[in-house]
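Structural description and commentary
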Amino acid sequence: MKNIKFLLLLTSILVSVFVSCSSGDETIETQKSSALRIYLNEFKQANNITGRSVATASDLCYEFVYPLTLSYNNGTTVSVFNETELIAVLESETSELYINGIAFPFNLIAPGSTTPITISNESEFWSLINACDMDTYDDYIAPGSCYSFVYPFSFLMSNNQTVILNNEQDLLNLVAQLGNSNNYIVNLVYPFSVNSNNTIIQIDNEYEFAELNMDCDDNNCNCPTDVNPVCVNVGGVIITFPNACLAVCAGYTTSDFVNCN
């Protein structure tokens, strides 16, 4: 009888210990976030951790309130408790292992403010990104960059539609539409390829695309927004650019211009 009571007591203790350990080992769930990648691009530029010799101006108008739980593209998570730790995480990123998720909700705060704002989901995160006027995918695909896309390529819009572009005229038409719409690009469909310095490069993920854009030196392509169309003939297809500067930045010269009519 004493043995039975002892076994019952031992079982009760073990169950209690098991429950105690389990309740203290809860996993924080993260969500993949394309807005996060845009924010981290700005963060890296603001903290000069882009690996470039010249720092780039940043529109980082909010800062994280720590701690944060982030996740890598392989599903593992990491907690960061201050800005120094976040910088260390971003400095160690590679195209094979990079941050692409965050645990919602989290807080952001404007420099000099004492009142944080809570970001509860991806939609709210994108609203803040757009309000801060950071460089987004809308800007990345615009003509005048240091590379050109290999067509066709496609991307996902904020209304959950997938858009396929088959040529440069499709791209120019889209850029014109984005300026007059609340719809915006939230990510590209990977992989896709670009032509950079006459070399075809395959882009396999959002980290590689971010690195490609931070590598760009498009200071000579700071084109005006005026509309004075010029056209070029590419393989029998007439492509219209809003102005000559954008055509030159896309790799064409004045000798390539043809009559738009």
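So, a few notes on the structure that sits alongside this text. (Residues numbered from 1 in each chain as written. Predicted model: local features only at pLDDT ≥ 70, side-chain atom pairs only at ≥ 80, totals over all residues. Heavy atoms only, no water.)

Time to look at the packing of aromatic side chains. Taken as a whole, this structure holds 22 aromatic pairs when the rule is applied. Ring centres of Y98 and Y207 lie 5.7 Å apart, and the angle between their planes is 20°; this geometry places the pair in the stacked category. Remark: Y207 occurs in helix α7 (residues 206–215) and Y98 occurs in the loop between α3 (83–91) and β5 (99–102); sequence separation between them is 109 residues. Considered together, Y98 and Y207 belong to a single accessibility category, that of buried residues. Among the aromatic residues, ring-to-ring pairing joins W126, Y137, Y140, Y147, F149, Y151, F153, F155, Y184, Y190, F192 and F209 into one connected group. (Phe/Tyr/Trp six-rings, centres within 6.5 Å; stacked < 30°, edge-to-face > 60°. Helix = DSSP H or I, 4+ residues; strand = E, 2+ residues; numbered from the N terminus. Buried < 20%, exposed > 50% of the residue type's maximum accessible area, 1.4 Å probe, protein only.)

This part takes up the state of the cysteines. Cysteine pairs can be linked by a disulfide, which is a covalent bond between their two sulfur atoms. Under the defined criterion, the tally for this structure stands at 2 disulfides. Here C231 pairs with C260 through a disulfide, and the sulfurs are 2.1 Å apart. The disulfide joining C231 to C260 has a torsion of about 115° about its S-S bond and is therefore right-handed. One end of the pair, C231, is in strand β14 (residues 230–234); the other, C260, is in the segment after β16 (257–258), with 29 residues separating them in the sequence. On the accessibility criterion, C231 (1% relative accessible area) is buried. (Disulfide = S-S within 2.5 Å.)

With that settled, consider the pairing of strand β3 (residues 68–72). A large share of β3 lies buried, amounting to 5 of its 5 residues. Going residue by residue along β3, you find L68, L70 and Y72 tucked away on one face and T69 and S71 tucked away on the opposite face as well. Here β3 pairs with strand β4 (residues 77–80) via 4 bridges, running antiparallel. Looking at β4, one finds that T69 is bridged to S79. Taking the residues that link successive antiparallel strands as the turn, the β3-β4 hairpin has 4 residues, and the phi of G75 there is positive, at about 100°. Here β3 runs beside β5; their pairing, made up of 3 bridges, is antiparallel. Bridge pairing in β5 places Y72 opposite I99. (Pairing = 2+ DSSP bridges.)

The biggest cluster of nonpolar side chains holds 51 residues, and the ones touching the most others in it are F64, F125, F149 and F209. Looking at this core, the element that brings in the most residues is helix α2 (residues 34–46), giving 6 residues. Not counting chain neighbours up to four residues away, the residues in contact with F149 comprise I141, L171, L188, F192, S193, V194 and F209. Ranked by size, the runner-up nonpolar core spans 8 residues in total, among them V230, V232, L246 and A247. (Core = buried A, V, L, I, M, F, W, Y, C linked by side-chain atoms within 4.5 Å. Contact = heavy atoms within 4.5 Å.)

With that settled, consider the side chain of S34. Secondary-structure assignment places S34 in helix α2. Under the relative-accessibility criterion, S34 is labelled buried at 12%. At a separation of 2.9 Å, a polar atom in the side chain of S34 contacts the main-chain carbonyl oxygen of V186. Apart from the residues within four sequence positions on either side, S34 is in contact with E122, W126, Y137, V186 and N187. (Polar contact = N/O pair within 3.5 Å; in protein donor to acceptor, adjacent residues only side chain to side chain.)

Take the sheet that holds strand β6 (residues 106–109) next. With antiparallel pairing, 3 strands are arranged side by side in an open sheet as β2-β6-β7. The sheet is open, and its two edges are formed by β2 (63–65) and β7 (117–119), each paired on a single side. Sheet twist, expressed as the average angle between the axes of neighbouring strands with direction ignored, equals 45°. Judged from the 3 bridges that link them, β6 and β7 form a sheet pairing that is antiparallel. Note that in β7 the partner of F106 across the bridge is I119. Taken strand by strand, helix α4 (residues 122–131) contacts β6 and β7, and its axis lies near 125° from that of β7. (Axes fitted to C-alpha atoms, helices over the stretch in contact; angles between N-to-C directions.)

Summarising the element assignment, Y140 is placed in helix α5 (residues 137–140). By relative accessible area, Y140 is classed as buried at 10%. Along the backbone, Y140 and L212 are 72 residues apart, and their C-alpha atoms lie at a distance of 9.8 Å. Dropping the residues within four chain positions of it, Y140 is found in contact with I38, N41, D135, Y147, F209 and N213. In terms of polar contacts, Y140 uses its side chain to reach the side chain of N41, at 3.2 Å.

A few words on the environment of L60. You can see L60 is positioned in the loop between α2 and β2. Among the residues examined, L60 registers a relative accessible area of 22% and is labelled partly exposed. Taking the C-alpha atoms as reference points, L60 and C132, 72 residues apart in sequence, are found 7.1 Å from one another. Beyond its immediate sequence surroundings of up to four residues, L60 is in contact with Y39, E42, F43, A46 and M134.

Honestly, it's all geometry; don't read function into it.
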